[in-house]
Structures are given as C-alpha cells and as structure tokens.
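Below, each chain spelled out in residue letters.
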Amino acid sequence: MSLPVHGPHAHSSNQLAAMMLQVMLALTPATLYAFWLYGWPAFNVWVLSLFSALFWEALFLKFFAKPVTSHLKDGSALVTAWILALCLPPWAPWWLVLVGTFLAVAMIKQIFGGLGQNVFNPAMAARVMLLIAFPVEMTTWINPEAVTHQAPDFMNGLAITFGSVSVSDAFTGATLLDEIKNQTAQGKLLSDTLIHQDYQISATLSGHQIGSLGETSALLLLLGGVYLLWKGIITWQAPVGLLLGMALPAFLLHLFQPEAYPGAGFHLLTGGSFLAAFFIVTDPVTAPTTATGRLAFGLGCGLLAWLIRSFGNYPEGLAFAVMLMNAAVPVIDRYFKPRIYGRTSKGDPLPKNRGDAS
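Within each chain, residues carry numbers counting from 1 in the order of the written sequence. Where totals are concerned, whole chains, interfaces and linings use all residues; where local detail is concerned, this predicted model gives features only for residues with pLDDT of at least 70, and gives and counts side-chain atom pairs only at 80 or more. As a rule here, side-chain values cover all heavy atoms of the structure and leave hydrogens and water aside.

Per the secondary structure count, the chain includes 18 helices and two strands. The Shrake-Rupley method, run with a 1.4 Å probe sphere, supplies the accessible areas, and residue values consider only the shown protein chains as cover. With the model as given, the accessible surface of the chain reaches about 18,000 Å², and the carbon-plus-sulfur share is 66%. Secondary structure is summarised from DSSP: a helix means a run of H or I of at least four residues, a strand means a run of E of at least two, and numbering begins at the N terminus for each.

Here we come to the pattern of salt bridges. Here a salt bridge means any side-chain nitrogen of Lys or Arg lying within 4 Å of a carboxyl oxygen belonging to Asp or Glu. Following the criterion strictly, the structure yields two salt bridges and no others. The closest approach of N and O atoms between Glu57 and Lys109, which form a salt bridge, is 2.9 Å. With Glu57 in helix α2 (residues 40-63) and Lys109 in helix α5 (residues 94-110), this residue pair connects regions lying 52 residues apart in the sequence. The two residues Glu57 and Lys109 agree in class, both being buried. Between Arg309 and Glu316 there is a salt bridge whose closest N-O contact spans 3.0 Å. Working definition: with a 1.4 Å probe on protein chains only, accessible area under 20% of the residue-type maximum means buried, over 50% means exposed, and in between means partly exposed. Assessed through its relative accessible area of 5%, Arg309 is described here as buried. With relative accessibility at 12%, the residue Glu316 sits in the buried group.

The next thing to look at is empty space enclosed by the protein. Grid spacing is 1 Å over the protein atoms alone, the probe is 1.4 Å, and a cavity is where that probe fits but cannot get out, while a pocket is an open set with protein on both sides within 12 Å along at least five of seven lines and lining residues have an atom within 4 Å of a point. Grid points are joined across faces, edges and corners, and a volume is the space filled by probe spheres set on the points. This structure, assessed with the given rule, holds two cavities of 30 Å³ or more. Estimates place the volume of the largest cavity at around 110 Å³. Around the largest cavity, the lining is made up of 14 residues, and of these Cys87, Arg127, Gly272, Glu316 and Leu318 lie nearest the centre. When contributions to the lining of the largest cavity are tallied by element, the ones reaching two or more residues are α6 (122-133), α16 (273-279) and α18 (318-335). Here the term charged refers only to Asp, Glu, Lys and Arg, the term nonpolar to Ala, Val, Leu, Ile, Met, Phe, Trp, Tyr, Cys and Pro, and the term polar to all other amino acids, Gly among them. When the residues that make up the lining of the largest cavity are grouped by side-chain class, the tally is eight nonpolar, three polar and three charged. If you add up the space inside the second largest cavity, you get close to 50 Å³. Taken together, 13 residues form the lining of the second largest cavity, with Gly214, Ala218, Leu221, Leu269 and Gly271 sitting closest to its centre. Those elements that place two or more of their residues in the lining of the second largest cavity are α13 (218-231), α15 (264-269) and α16. Grouping the constituent residues of the lining of the second largest cavity by class yields five nonpolar, seven polar and one charged.

On to α6, then. How far a helix is expected to stretch is found by multiplying one less than its residue total by 1.5 Å. When the terminal C-alpha atoms of α6 are compared, their 16 Å separation across twelve residues agrees well with the 16 Å that a helix rising 1.5 Å per residue should span. For α6, a buried count of nine out of twelve residues is recorded, marking the element as mostly surrounded by other parts of the structure. What α6 keeps buried is the set Pro122, Ala123, Met124, Ala125, Ala126, Arg127, Val128, Leu130 and Leu131. Contact between two residues is taken to exist if any of their heavy atoms lie within 4.5 Å; hydrogens are not considered. Residues of α6 that are buried in the fold lie against α4 (76-86), α5, α7 (135-138), β1 (141-142) and α18.

Looking now at the packing of aromatic side chains. In this analysis, rings of Phe, Tyr and Trp, with Trp reduced to its six-membered ring, are considered paired at centre separations within 6.5 Å, and the interplanar angle assigns stacked below 30 degrees, edge-to-face beyond 60, and tilted for intermediate values. Enumeration according to the criterion identifies 19 aromatic pairs in this entry. Aromatic pair Trp46 and Trp82: ring centres 5.2 Å apart, planes at 75°, arrangement edge-to-face. One end of the pair, Trp46, is in helix α2; the other, Trp82, is in helix α4, and 36 residues separate them in sequence. Take Trp46: its relative accessible area is 17%, and that puts it in the buried class. By relative accessible area, Trp82 is classed as buried at 7%. These aromatic residues form a ring-pair network of at least three members: Phe35, Trp40, Phe43, Trp46, Trp82 and Phe154. Two thresholds decide whether a charge sits over a ring: the Lys NZ or Arg CZ must be within 6 Å of the ring centre and within 35 degrees of the ring normal. Stacked on the ring of Trp230, the Lys or Arg Lys231 has its end atom at 5.3 Å from the ring centre.

For the chain, per-residue confidence averages 85 on the pLDDT scale, and 88% of positions sit at 70 or higher. pLDDT under 50 marks residues 354-358. Its contacts with residues more than four places away, or in other chains, come to one contact. Every residue gets a pLDDT, meaning the predictor's confidence in that residue, from 0 to 100.

Turning our eyes to something else, we now look at α4. Taken across its eleven residues, α4 has ten buried, putting it largely inside the fold. Within α4, burial applies to Ser76, Ala77, Val79, Thr80, Ala81, Trp82, Ile83, Leu84, Ala85 and Leu86. Where α4 is buried, its residues touch α1 (16-38), α2, α5, α6 and α16.

On to a nonpolar patch on the surface, then. A cluster of nonpolar side chains, Phe63, Phe64, Met107, Ile111, Phe112 and Val119, forms an exposed patch at the surface whose accessible area comes to about 560 Å². Mapped onto the secondary structure, Phe63 falls in helix α2. The patches described consist of residues with a relative accessible area above 30% and no salt bridge, like charges being joined within 9 Å and nonpolar side chains (Val, Leu, Ile, Met, Phe, Trp, Tyr) within 5 Å.

Rendered as structure tokens:
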C-alpha cells in the first residue's frame, strides 16, 4: 500500500474578496433602509466611513512596506468601515467618523499586523473607544419620525455632517434601551415605560426606533444573516449562541420580575442584537476556530451583553461583550480543540484496521 506524499487538505472555492462582497451585499438592504429613515446625513456618515477606512488602510500598508493594491482589493477594510458606520449615530459629525475608522483600521488592525492578526474585532473596539472618549457625540440619537416630517436636503445634510449646522433638539431622542434603564432606575414600572414610549414589536422589526444605523430594521438584518448562512459565508453556531445567551437569562429574569426587566423578545429586537449576531461575532479572525468553540463564544457574548444591559452603566453592552469574549478566544481554543486528522479527540493515534497492509 503506497503512502500519500502530501497530507490531506480541505479545499474551498471561497476567496476573501468574494466573501467580503457577500457580506456587503447582505448589509445593503438594512443600510439602504437606514438612509431612507435618516436622510442625507446618514448617507454621508457611511460614505465618509468607507473612504476614510481605505485611506488609513493604504497609508499604513505603505508605512509597513506592504503591497497596497492587493490588500485594498480584499474588501476587509470596507467591511470593517461599513459595520462601524452602522454602529455610529446616524448624524455623527465627520471628525467622529474619521477618528473611528483610524482606530479600527490603523490601531486595531494594522498595528497588530494586518488582516488575520488582530485580537479584537476592529469595529467593536473602535466603537468602545469612541463611546468612552466622546460619550456625548456617541449618544446623540436621531428620531426617525422627526426626520420623516422635516428631512434635510443634500446641502443641509452636508452642513450637518461637517458641523456648519448644529443638530436641533427637535431631531434627537433616547433609545428604548436608554429609556428602560433610566426609568427603571427611578423605580418606574416597565409596563408604564413601554406604554409611554409607544413600544411596538412591529416598529422594531421595521426599523422605526431610535438608535444607530445598525439598529434600524431587525427584519432586514435577519434576512441578511440568513442569506450569509445560505451562501455558506458564516456558520450558525456563533449567531445562535449569541441570541440564546441573551434570550434565556432575559426570559428567566422577566418571568420572576416582569416589571423590572424586559423579556427575551425586547432584548433581541432592540439595540444591535441581530447586527452583532450575524455580522460581528461571525468574524473568522476574532472568533474561535471550532464549531463548539464558536457556540461557546456566542453564548458568552450574549450573556455578557445582557448582564451589561441589565446591571451595567451602558444601555447597549454588545460592543463591550464582544471585546471581552475576543480576549477569551485563546482560552476557548485551548479547551475546544479540533480533532487532528488520523488521531482521536485526545490526540492518540487511531488504531490501524487489521486488513491494512503494513
């Protein structure tokens, strides 16, 4: 019996640039809907995020003497910038976008060695740093209902983005997660707060809620995630883990204290839950390598996000949760190792079949 000259390898037709294109296609419906909700300033934030990310990527590739064109064509910087734009306030000022893309692409990605070397998810790490450094600008939310009645035109949109016109208080508002945390801290009943805020599941599904661009239509983000699953770009373990990790404790605590803590449906449909589940925790660079590890990673992200939302100082805890679990990935990979080809799960050689020739 002749032995193979080379070790067995799994081959795939997926190329990085093609995969990044599929991710961007999956994000497109929710992004276009966000433009319709929030108008030209939101479009400006998205465009500025993409172009500035490409600029920072090219600049630091040149600085580190790496080929610029081939790296820019892989689409990873565009995906990072796109997700970051969806995590920013819809009418964020231009300088906040530039600082955010610099942090994501230069400090989190390129400084660590480039694509495949970064420890933390670039978009989430940038969002956390922006929120800590610029809390006012990062929590100035726009009410889509106000924009619908008085949408700025293209020139006024540029003026809002580049700061020559300040955002009127008539356009701003608080997110549902903000209101729930503030009102329950004052001892008010959850049901009264939801009635006062006119909370409706249909509004969260359709995107008529105050928040970032990525908190628009949960339904469109879900459809984008299903598309990625169907195309085989992502696997189900991390998304299901995150949603379960958030929903189960929310359901149980709401069962015992229904007037103090929102239920599972509220947590899943508000904030950036679906954006994180399908487009953030599925990042192959900062997630575990095995299917079981990805499930544990998602569960940890969901549980931590729920804990931060319920008991922490930040109403939306997903970015912090993802960063904490990114740091735990080496430990997860240590305990959830894939079986080596030709060996048992414990690393012992597989027994030879008696019929094999020596």
